[in-house]
Amino acid sequence: MPEEPKPTPTPAAEAVPAAGQAKPSPPAPVEPAELVRFEKVTKSFGTGPAAKVAVQDVSFVVHDQPNSGELIAIVGPSGCGKSTVLRMLAGLLPHHPPTTGEVWAFGKRIAGPSAERGMVDQKYSLMPHLTVADNIAFGLKLRGVAGSERRDRAHDWAKKVGLEGSEDKYPSELSGGMQQRVSIAATLILEPKILLMDEPFGALDPKIRMQMQELLVKLWREQQSTVFLVTHSMEEAVYLGDRVLRMAAKPGRLVEKLHLPRPDEPPDAMRQHSWFNELTQELLRRLETDAPASGELPGSEKWR
Ligand code: ADP
Ligand code: MG
């Protein structure tokens with residue numbers, strides 16, 4: 001189970017109120033800070049009768065988990081608005097801003113892109129004319145970090161993602177899996193508190209995909225960032241997710257918010273549990289039928 005934020009402990013020795021004085025009320029438990037809030041968010045493209053509703057009335061809140069992070073998997077059928085949700089959170093046009101409703105991060109309304117919200121998408125977005133090291137360090141350059149420090153940090157990150165020795169290669173010389181690792185390193189080097197990933201492993205073969213999942217878990221735990229991961233794989237959602245947002249289509253909307261147990265086990269061990277398979281199968285069934293949230297799912301709790 002993920003650790004729930006603990007309330008601030010009451011001091012061991014409370015001040016004894018003088019006779020006749022009212023006893024001070026105990027301190028209210030400290031709520032963890034709000035990281036992300038979607039408040040009745042609707043996004044339409046176009047206007048008038050031709051307007052197309054991409055997502056309708058999406059609301060959820062994610063709190064900061066002190067000294068850890070969380071991975072929130074977003075699942076749903078094609079066209080239900082997963083990318084729209086992620087891109088509104090990233091502050092990227094044309095999805096940002098919402099047509100109605102509000103998207104908040106760190107207690108402020110999102111006004112555009114920010115380095116606190118890093119995005120890794122399917123297309124890897126590498127610059128073909130830059131080497132691996134320069135691609136990884138590109139964001140640092142924009143921040144004005146000096147050349148020698150950039151090089152050192154880019155090399156550290158190349159090593160972390162298993163690209164040591166490939167720093168001077170160009171993207172066209174790399175496999176899809178390697179390009180994806182460059183893209184992940186280029187985003188994580190900026191230490192975003194919120195990491196947004198849109199089907200990042202979709203194009204990878206199953207073995208590389210599993211390696212990338214494990215790498216991602218290791219890295220985001222190290223950085224204690226909160227990850228929003230759009231995936232079409234229920235296995236990936238259940239294996240990686242602390243929470244799952246399930247969406248349905250026509251119109252795109254949020255239908256289920258789940259909180260999953262998080263045993264610290266390698267994927268192979270986790271796949272042995274019956275709850276893992278039951279949950280994956282049931283989620284898939286609900287997703288395929290666009291079923292409303294109904295009843296308990298094995299191995300999960302309602303998202304509080
Ligand atoms: P998903 O990522 O779940 O497949 P999207 O968020 O990409 O879904 O799209 C949700 C809906 O919004 C789809 O019907 C899509 O056609 C529409 N849509 C997405 N982006 C645009 C856009 N830039 N212009 C018009 N319609 C869009
Ligand atoms: Mg999409």
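Above this text sits the structure in question.
What you see is a predicted model, and the numbers here were worked out from it, not measured in a lab.

**What to know about the overall build of the protein chain**
Scanning the protein chain for helices and strands turns up 8 helices and 11 strands. Buried positions account for 35% of the 304 residues belonging to the protein chain. If you take every contact in the protein chain between residues at least 6 apart in sequence, the share linking residues at least 24 apart comes to 68%.

**Looking at the site of ligand 1**
Of all residues adjacent to ligand 1, which total 13 residues, the nearest are Phe45, Ala54, Lys82, Ser83 and Thr84. Secondary structure elements with two or more residues in the shell around ligand 1: β2 (52–63) and α1 (82–90). The biggest single contributor to the shell around ligand 1 is α1, with 3 residues. A class-by-class count of the residues in the shell around ligand 1 yields 4 nonpolar, 7 polar and 2 charged.

**A word on the sheet that holds β2**
Spatial ordering of the open sheet is given by β2-β1-β4-β5, a layout of 4 strands whose pairing is antiparallel. This sheet does not close on itself; its edge strands, each paired only once, are β2 and β5 (108–109).

**Examining the packing of helix α2 (residues 132–142) against helix α3 (residues 147–160)**
Packed helix pairs are characterised by how far apart their axes lie and by the angle those axes make with each other. Two elements in contact, α2 and α3, have axes separated by 9 Å at closest approach and are oriented at 125 degrees. By the angle between their axes, α2 is oblique relative to α3. Seen along the crossing, α2 lies across α3 with a hand that is right-handed. Contacts between α2 and α3 pair Val132, Ala133, Ile136, Ala137, Leu140 and Lys141 from the former with Arg150, Arg151, Arg153, Ala154, His155, Trp157 and Ala158 from the latter. For the contact of α2 with α3, the per-class residue count stands at 8 nonpolar, 1 polar and 4 charged.

**Brief notes about the environment of Asp57**
Here Asp57 shows up in strand β2. Between the alpha carbons of Asp57 and Gly252 there is a distance of 9.0 Å; along the sequence they are 195 residues apart. In this structure Asp57 touches Lys40, Thr42 and Arg253, once residues within four positions along its chain are discounted.

**As for helix α5 (residues 206–223)**
Helix length check: α5, at 18 residues, gives a terminal C-alpha distance of 26 Å against a target of 26 Å (1.5 Å per residue), a fit within 8%. Residues of α5 that are buried include every one of Gln213, Leu216 and Trp220, and no others. Projected onto a plane normal to the axis of α5, the buried residues spread over an arc of 65 degrees and lie on a single side. The exposed residues of α5 that point more than 90 degrees off its buried face are Lys207, Lys218 and Glu222. Packed against the buried residues of α5 are β3 (71–75), α4 (176–188), β7 (194–198), β8 (226–230) and α6 (234–240).

**Focus: the nonpolar core**
If you look at soluble globular proteins, the nonpolar side chains tend to sit buried side by side. Counting residues in each nonpolar core, the largest one holds 68 residues, and the members touching the most others are Ile74, Leu89, Ile136 and Ala185. If we ignore the near neighbours within four places in the chain, the residues touching Ile136 are Ala154, Trp157, Ala158, Val182, Ala185, Ala186 and Ile189.

**With respect to α4**
With 13 residues, α4 ought to run about 18 Å at 1.5 Å a step, and its terminal C-alpha atoms sit 18 Å apart, in line with that. Among the 13 residues that make up α4, 10 are buried, leaving the element largely enclosed by the rest of the structure. Gln179, Gln180, Arg181, Val182, Ser183, Ile184, Ala185, Ala186, Thr187 and Leu188 are the residues of α4 that are buried. Buried residues in α4 make contact with β6 (117–120), α2, α3, β7 and α5.

**Digging into the environment of Trp220**
Within the fold, Trp220 resides in helix α5. As a C-alpha pair, Trp220 and Leu71 span 149 residues in sequence and 8.7 Å in three-dimensional space. When sequence neighbours within four positions are dropped, the list of residues in contact with Trp220 reads Gly69, Leu71, Leu195, Ser225 and Val227.

**Some thoughts on the pairing of strand β9 (residues 243–248)**
With respect to burial, β9 is a largely interior element, 6 of its 6 residues being buried. Where burial is concerned, the two faces of β9 agree: the one with Arg243, Leu245 and Met247 and the one with Val244, Arg246 and Ala248 are both buried. Sheet analysis places β3 next to β9, joined by 4 bridges and oriented parallel. For Val75, the partnering residue across the bridge sits in β9 and is Arg246. Hairpin geometry of β9 and strand β10 (residues 253–259) is characterised by an intervening segment of 4 residues between the two adjacent antiparallel strands and by a positive phi of about 55 degrees at Lys250.

Thresholds, definitions, all that
Residues numbered from 1 in each chain as written. Chains lettered and ligands numbered in written order. Predicted model: local features only at pLDDT ≥ 70, side-chain atom pairs only at ≥ 80, totals over all residues. Helix = DSSP H or I, 4+ residues; strand = E, 2+ residues; numbered from the N terminus. Buried ≥ 20, exposed ≤ 12 C-beta atoms within 10 Å, placed from the backbone. Contact = placed C-beta atoms within 7 Å. Near = placed C-beta within 6 Å. Nonpolar A, V, L, I, M, F, W, Y, C, P; charged D, E, K, R; others polar. Pairing = 2+ DSSP bridges. Axes fitted to C-alpha atoms, helices over the stretch in contact; angles between N-to-C directions. Parallel < 35°, antiparallel > 145°, perpendicular 65-115°, else oblique. Left-handed = near helix turned anticlockwise from the far one by under 90°. Expected span 1.5 Å × (residues − 1). Arc of directions from axis to C-beta. Core = buried A, V, L, I, M, F, W, Y, C linked by C-beta atoms within 7 Å.

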